[in-house]
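Per-entry structural report
For reference, the chains in residue letters:
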Amino acid sequence: MAQIVWFENYQPADAAVLGGKNSSLGTLFRAGLPVPPGFAVAADCYRKALADGGLSSELDALIAAVDPRDPASVAATGQRARTLIGSLQPPANLAGAIRDAYAQLSGRCGDRDVPVAVRSSATCEDSPDASFAGEHDTYLWVRGGDEVVRHVLRCWASLFTDRGIAYRLERGYGRASAAMSVGVQQMVRPRAAGVAFTLNPIDGDRSQIAIDASWGFGEAVVSGEVTPDNFGVDKVMGTITRRTISAKTLEYRLTGGDTVIAVAVEPERQSVPCLSDQEILAVARLARRAEKHYRCPQDVEWAIDGGEINGGEFYGGEQKVLLLQSRPETVWSRRPRQQGGTGVADPITSMVQTMLHPVTGGGHAAHG
């Protein structure tokens, strides 16, 4: 069993033990997209640790007894499951392998204790019929081999968040069919970050790219804690078709103690666009590259590198736009394409509309 899989060594056969997120990162890294470097701890390590600790049958029994319609039952089950996993001592050989891989990553990035994101990647997530976005935990700006090992266990435990348990039961995933891989990836210190859909999430129009963006780390956008700026880009013409600038009152920012916290945005920055036109188009091009690679609409997480971390030579790409995640879009992608109206990604219609209603630079949303 391969305990550690580097993103650059990812093979499609690894998908079963790396989960949706890590498989996507490996695929995108191998495809040459600008993904920060890192490695994955295989889900088989989670299964073996539970078996060695005598927890597999106990966790199965807990999930079998839960009532998914009763929030109190779900909460009690989740708390018990997380406590059990938190009490585990990881196998010594696994802990050593994680520390060795982290040291190797630090060497590559030119930083003795490179800050990393430790990211959950469940084996049942990001499938075409289920997203699991936000159900499991990610930890930012983790430094040191021992801390990485500790946070791997915390990601394992997050397989049993209340939301994760309820969502899996609703979707018909039993405990035995779910396991947790964990990604360890060089940290980005973003000036701005957010998400991009390679279709319009309002009407399913595949000729458009929709971008949500805010200051700092993308957690404020993903969690819904801030109303982000919103931009639309025409895929065919490569023009910005919509600008909606919001009052962004909160951002996640790195403090001096290597902790990422939510802080108030200074009043003078709140209603300022967090992306330039050049950056908007660079994000759109990156999302389009992910869509072309996967051949289906994508839900992309991205960040604009603030330029304050080492190892930039690993990224490549343009405008320092980094791809942090790409998963299948799960709402409109399952619907049949319409034969008329805004749901059609018709290049000719798109070009005609753009010529009839040209976009002028520097303004807000174009109408028409």
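Rules behind the numbers
Residues numbered from 1 in each chain as written. Predicted model: local features only at pLDDT ≥ 70, side-chain atom pairs only at ≥ 80, totals over all residues. Heavy atoms only, no water. Helix = DSSP H or I, 4+ residues; strand = E, 2+ residues; numbered from the N terminus. Buried < 20%, exposed > 50% of the residue type's maximum accessible area, 1.4 Å probe, protein only. Contact = heavy atoms within 4.5 Å. Polar contact = N/O pair within 3.5 Å; in protein donor to acceptor, adjacent residues only side chain to side chain. Expected span 1.5 Å × (residues − 1). Salt bridge = Lys/Arg side-chain N within 4 Å of Asp/Glu carboxyl O. Core = buried A, V, L, I, M, F, W, Y, C linked by side-chain atoms within 4.5 Å. Pairing = 2+ DSSP bridges. Axes fitted to C-alpha atoms, helices over the stretch in contact; angles between N-to-C directions. pLDDT = per-residue confidence, 0-100.

What the protein chain contains, in helices and strands, is 11 helices and 13 strands. Sorting the 368 residues of the protein chain into buried and exposed places 52% on the buried side. Put simply, 71% of the contacts in the protein chain that link residues at least 6 apart link residues at least 24 apart.

All right, on to the environment of Q185 then. In this fold, Q185 is placed in strand 5 (residues 180-186). Between the alpha carbons of Q185 and F39 there is a distance of 6.5 Å; along the sequence they are 146 residues apart. From its side chain, Q185 meets the backbone oxygen of P36 in a polar contact 3.1 Å long.

With that out of the way, let us pick up helix 5 (residues 92-109). Helix length check: helix 5, at 18 residues, gives a terminal C-alpha distance of 26 Å against a target of 26 Å (1.5 Å per residue), a fit within 8%. Within helix 5, burial applies to L94, A95, G96, A97, I98, A101, Y102, L105, S106 and C109. Lining the buried residues of helix 5 we find strand 1 (4-6), strand 2 (38-41), helix 2 (43-52), strand 3 (116-122), helix 6 (145-157) and strand 5.

Of note, T83 is situated in helix 4 (residues 71-86). As a C-alpha pair, T83 and A157 span 74 residues in sequence and 7.8 Å in three-dimensional space. A distance of 2.8 Å separates a polar side-chain atom of T83 from the backbone oxygen of Q79.

Right, let's get into the pattern of salt bridges. Summed over all chains, the structure comprises 21 salt bridges. Among the salt bridges present, the one from E279 reaches R191, with a minimum N-O distance of 2.6 Å. Here the residue E279 occupies a position in helix 10 (residues 277-294), and R191 occupies one in strand 6 (residues 190-197), the gap between them amounting to 88 residues. Its relative accessible area of 13% is what places E279 among the buried residues. Residue R191 is classed as partly exposed on the basis of its relative accessible area of 33%. Where salt bridges share partners, they join R119, D299, E301 and R327 into one cluster.

With that out of the way, let us pick up the nonpolar core. Core analysis: the largest hydrophobic core is formed by 47 residues, its most contacted members being Y46, L59, V116, W156 and F160. Residues in contact with V116, not counting those within four places in the same chain, are Y102, L105, Y139, L140, W141, V142, V148, V184, Q185, Q186 and M187.

The strand order 1-2-5-3-4 describes an open sheet built from five strands, whose pairing is antiparallel. Strand pairing shows two members of the sheet lacking a second neighbour, strand 1 and strand 4 (138-142), which therefore form its edges. The average angle at which neighbouring strand axes cross in this sheet is 20 degrees, direction not considered. As paired strands, strand 1 and strand 2 are joined by three bridges and run antiparallel to one another. Bridging from a neighbouring strand, W6 pairs with F39 of strand 2.

Below, the discussion takes up the confidence of the model for the protein chain. A residue-level look at the protein chain finds 82% of positions with pLDDT of 70 or above and a mean pLDDT of 84. Put simply, helix 11 (residues 347-356) is where the protein chain has its lowest mean pLDDT, 43, and strand 2 is where it has its highest, 98. Here residues 128-132 scores under 50 on pLDDT; set against residues more than four positions off or in separate chains, the count is 21 contacts.

Moving on, we come to unusual backbone geometry. The residue W141 is not glycine, and still its phi comes out positive at about 55 degrees. Residue classification places W141 among the buried residues on the basis of a relative accessible area of 7%. One non-glycine residue, R295, adopts positive backbone phi at about 65 degrees. Turning to its location among the elements, R295 is positioned in the loop between helix 10 and strand 12 (298-305).

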